[in-house]
Amino acid sequence: MSLPEAFIEKMTRLLGPESEYFFKTYDQKRAFGLRANLLKTSGEQLKKLPEFHLKPVPFCPSGFYYQEADEPGKHPFHQAGLYYIQEPSAMFVAERLDAKPGERVLDLCAAPGGKSTQIAVSMQNRGLLVSNEIYPKRAKSLSENIERMGITNALVTNETPERLAEYFPGNFDKILVDAPCSGEGMFRKDPDAAQYWSPDHVRECAALQNQILDHAYSMLREEGILVYSTCTFSPEEDEQMIDHFLKKYPDMEVLPIEKTGGVEDGRPQWTDSANSELRKTARLWPHHLDGEGHFVAKLQKHGPSLTKRIKPVSSVKESSLKDYRQFEKQTLAEKLAGSFYFAGNQLFLLPDGCPDFSQLKVIRAGLHLGEQKKNRFEPNHALALAMPAVSFQSTFPLESSGTDWDHYLRGETLPAPASLKGWTAVTIDGFTLGWGKAAGGTLKNFYPKGLRLRGLNH
Ligand SMILES: C[S@@+](CC[C@H](N)C(=O)[O-])C[C@H]1O[C@@H](n2cnc3c(N)ncnc32)[C@H](O)[C@@H]1O
């Protein structure tokens, strides 16, 4: 592939004789990856599927390489949220944050959600994950991926880092900044990215990352953890960015990152200070492992934080849940508990200890249960995708070896047993796919219009 001249010169200067191996990767095919969604399945279960040819990613326990011809994006398990298609080296990042159930975590630059969906898995859907994206369209796809993967503890926001920093000073145990960058590691995946590249663009990205990091710092609590990552090779956005950050905030300490499967140390020699601490950061190079390339730094804040306590949202009165409870009794296997919240007619079950978010642009708040209609409750797609099949009193089973799933995902009505009545969870090989409502021998289709398949799928 054709690369910008100035990029070739720069990488040749930085890498010396190693650059020969680096540039050779541009003539090779890129690796394709998917990550098992451990909220719904296991890697072992996916590995048994004859449709896919999966090989483990050495630096991510739930990650697999697949063959391009496997086309996992076209399999109904994708719509059921059993995996997330993700560039393999990107899978290394969220694992380093080591988010735990019950923590308060912020993913500041989150769309389309590869890393947020991975963070939610390690939190086991408990605690609070604020998953933020600055651009509205990208925030919408982030929200859809959060829904598809069955994540129930996320507040998906569409804010600038600056606004969030005003709202959440000193509030988070862990923050991921997966920064917008010059994307040098994306050239094989997206050849257009190479055309946008210029030394000026690298400088602009570095200036933006600097500002984003300032905001992240102010939102971190004392002893909180910050992970910073990019998918670019330029030292200005990687080691030099962290070097500058450490000088500006001396209470930040670089933490070691365990490096396996071809992951390498950061390169302090590419900074003015040559601070040996920077060796603890990690670099994923396309000529040392199967993946496009990433830089990751993990830091801890030891200084005090100016913290604003935000009161949690209190639950609505039980009396306003009458129609929901009636629906729940008829449809679900157990009663849901927690903080319920109405946004207009839309009912949500909020993440644990969810802070008041009334002043923020929020796209999704925890689990979207459904809509209060006149004297009845209609469930949302998110509720189906967040629950395993055993959580429903009635299921409508489809098989991936058949063709009915294709009709269902296109929004068509399906024939149903005459005895089947009311809301039922449609499943694919035992995994929930969406809602249907049975009456008079047919299943009315409630697969969301915006997600339906169109045209040829095979
Ligand atoms: C590398 S991507 C994030 C990828 C995402 N973490 C994932 O794993 O799917 C960087 C994100 O930063 C967003 N972004 C762009 N400008 C920004 C800014 N000024 N502040 C915060 N985020 C910004 C981009 O829209 C993009 O979604």
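Because the structure is a prediction, the values reported are computed rather than measured. (Residues numbered from 1 in each chain as written. Predicted model: local features only at pLDDT ≥ 70, side-chain atom pairs only at ≥ 80, totals over all residues. Heavy atoms only, no water.)

Tallying secondary structure elements over the chain gives 14 helices and 23 strands in all. Relative to its length of 458 residues, the chain is compact, with a C-alpha radius of gyration of 23 Å against a globular reference of 23 Å. Taking all 458 residues of the chain together, 58% fall into the buried category. Long-range pairs, those at least 24 residues apart, make up 72% of the contacts in the chain with a sequence separation of at least 6. On the chain, roughly 19800 Å² of surface is accessible, and the fraction owed to carbon and sulfur atoms is 52%. Counting 55 positive and 58 negative side-chain charges, the chain places the averaged centre of each group 8 Å from the other. (Helix = DSSP H or I, 4+ residues; strand = E, 2+ residues; numbered from the N terminus. Rg over C-alpha atoms; globule rule 2.2 N^0.38 Å. Buried < 20%, exposed > 50% of the residue type's maximum accessible area, 1.4 Å probe, protein only. Contact = heavy atoms within 4.5 Å. Areas by Shrake-Rupley, 256 points an atom, 1.4 Å probe, with all protein chains shown as cover. Lys, Arg positive; Asp, Glu negative; His and termini not counted. Charge placed at Lys NZ, Arg CZ, Asp CG, Glu CD.)

This paragraph deals with the sheet that holds strand E15 (residues 346-349). The strand order E14-E15-E17-E18 describes an open sheet built from four strands, whose pairing is antiparallel. Looking at the sheet topology across the chains shown, the edges are occupied by strand E14 (340-343) and strand E18 (376-379). Between one strand axis and the next, the sheet turns by 30 degrees as a mean value, whatever way the strands run. The sheet contact formed by strand E17 (residues 367-373) and E18 spans four bridges and is antiparallel. By the bridge assignment for E18, Gln-372 is matched with Phe-377. Here helix H12 (residues 322-331) sits on the sheet in contact with E14, E15, E17 and E18, set at roughly 60 degrees to E18. (Pairing = 2+ DSSP bridges. Axes fitted to C-alpha atoms, helices over the stretch in contact; angles between N-to-C directions.)

Let's shift gears to the UniProt feature "active site" (unreviewed entry) in the chain. UniProt marks Cys-231 with the feature "active site" (unreviewed entry), using the numbering shown here. For Cys-231, a relative accessible area of 16% puts it in the buried group. (UniProt positions renumbered as here; feature names shortened; annotations may be inferred.)

Here the structure, examined in full by the defined rule, presents 29 aromatic pairs. Ring geometry for Phe-22 against Phe-233: centres 5.1 Å apart, planes inclined by 90 degrees, an arrangement best described as edge-to-face. You can see Phe-22 sitting in helix H2 (residues 19-24) and its partner Phe-233 sitting in the loop between strand E9 (220-230) and helix H11 (239-248), a full 211 residues away along the chain. Look at Phe-22 and you get buried, because its relative accessible area is 0%. Between Phe-32 and Tyr-66, the ring centres sit 5.8 Å apart and the planes meet at 40 degrees, which makes this aromatic pair tilted. Of the two residues, Phe-32 sits in strand E1 (residues 32-36) while Tyr-66 sits in strand E3 (residues 63-66), which places them 34 residues apart along the sequence. For the pair Phe-32 and Tyr-66, a shared accessibility class is recorded, and that class is buried. Joined through ring pairs, the aromatic side chains of Phe-7, Phe-22, Phe-23, Tyr-26, Phe-187, Trp-197, Phe-233, Trp-270 and Trp-285 make up one cluster. Note that Arg-96 overlies the ring of Phe-92, its terminal NZ or CZ placed 4.1 Å from the centroid. Taking NZ or CZ as reference, Lys-308 lies 5.3 Å from the ring centre of Tyr-167, over its face. (Phe/Tyr/Trp six-rings, centres within 6.5 Å; stacked < 30°, edge-to-face > 60°. Lys NZ or Arg CZ within 6 Å of the ring centre and 35° of its normal.)

This brings us to the site of the ligand. Looking at the ligand, there are 17 residues lining it, with Gly-113, Gly-114, Glu-133, Arg-138 and Asp-178 nearest. Measuring from an oxygen atom of the ligand, one finds a backbone N or O atom of Gly-113 at 3.1 Å. The separation between an oxygen atom of the ligand and a polar side-chain atom of Arg-138 is 2.8 Å. At the level of secondary structure, the elements contributing two or more residues to the shell around the ligand comprise helix H6 (114-122) and helix H10 (199-219). A per-class count over the shell around the ligand returns eleven nonpolar, two polar and four charged. (Near = heavy atom within 4 Å. Polar contact = N/O pair within 3.5 Å; in protein donor to acceptor, adjacent residues only side chain to side chain. Nonpolar A, V, L, I, M, F, W, Y, C, P; charged D, E, K, R; others polar.)

What follows covers the sheet that holds strand E19 (residues 395-398). Taking strand neighbours across the sheet as the criterion, the five strands line up as E19-E21-E22-E23-E20 in an open arrangement whose pairing is mixed. The open sheet has two edge strands, E19 and strand E20 (414-415), and neither has a second partner.

Now for unusual backbone geometry. The linkage connecting Ala-111 with the following residue, Pro-112, adopts the cis geometry, with an omega of 5 degrees. Even without being a glycine, Asp-98 presents a positive backbone phi close to 50 degrees. Residue classification places Asp-98 among the partly exposed positions, given a relative accessible area of 38%. The backbone of Ala-274 shows a phi angle near 50 degrees, a positive value even though the residue is not glycine. Within the secondary structure, Ala-274 sits in the loop between strand E11 (264-265) and strand E12 (282-284). The class of Ala-274 is partly exposed, set by a relative accessible area of 44%.

On to helix H1 (residues 5-15). Helical geometry: 3.6 residues make up each α-helical turn, so side chains three or four residues apart lie on a common side. Every buried residue belonging to H1 is among Phe-7, Lys-10, Met-11, Leu-14 and Leu-15, and all of these are buried. Each buried residue of H1 lies within a common arc of 110 degrees when the element is viewed along its axis, so the set occupies one face. Summarising the geometry of H1, the exposed residues directed more than 90 degrees from the buried face are Glu-5, Glu-9 and Arg-13. Backbone geometry just downstream of H1 places Gly-16 in the positive-phi region, at approximately 60 degrees. (Arc of directions from axis to C-beta.)

A few words now on the pairing of strand E13 (residues 294-301). Remember that side chains alternate between the two faces of the sheet whenever the strand is regular. When you tally the buried positions in E13, you get eight out of eight residues, the bulk of the element. Residues His-294, Val-296, Lys-298 and Gln-300 of E13 are buried on one face, and the alternating residues Phe-295, Ala-297, Leu-299 and Lys-301, pointing to the opposite face, are buried as well. Both strand E10 (residues 252-254) and E13 contribute to a ladder of three bridges, which runs antiparallel. Paired with Glu-253 across the two strands is Gln-300, which belongs to E13.

Across four bridges, E14 lies against E15 in antiparallel orientation. Along E15, the bridge assignment pairs Phe-342 with Leu-347. From the end of E14 to the start of E15, which pair antiparallel, there are two residues, and Gly-344 there has a positive phi angle of about 60 degrees. When E15 meets E17, the two strands line up antiparallel, connected through four bridges. From the neighbouring strand, Leu-349 faces E17, where its bridge partner is Leu-367.

A separate point is the confidence of the model for the chain. Per-residue confidence for the chain gives a mean pLDDT of 96; residues scoring 70 or more make up 100%. Both scores are available for the predicted complex, with the pTM at 0.97 and the ipTM at 0.99. (pLDDT = per-residue confidence, 0-100.)

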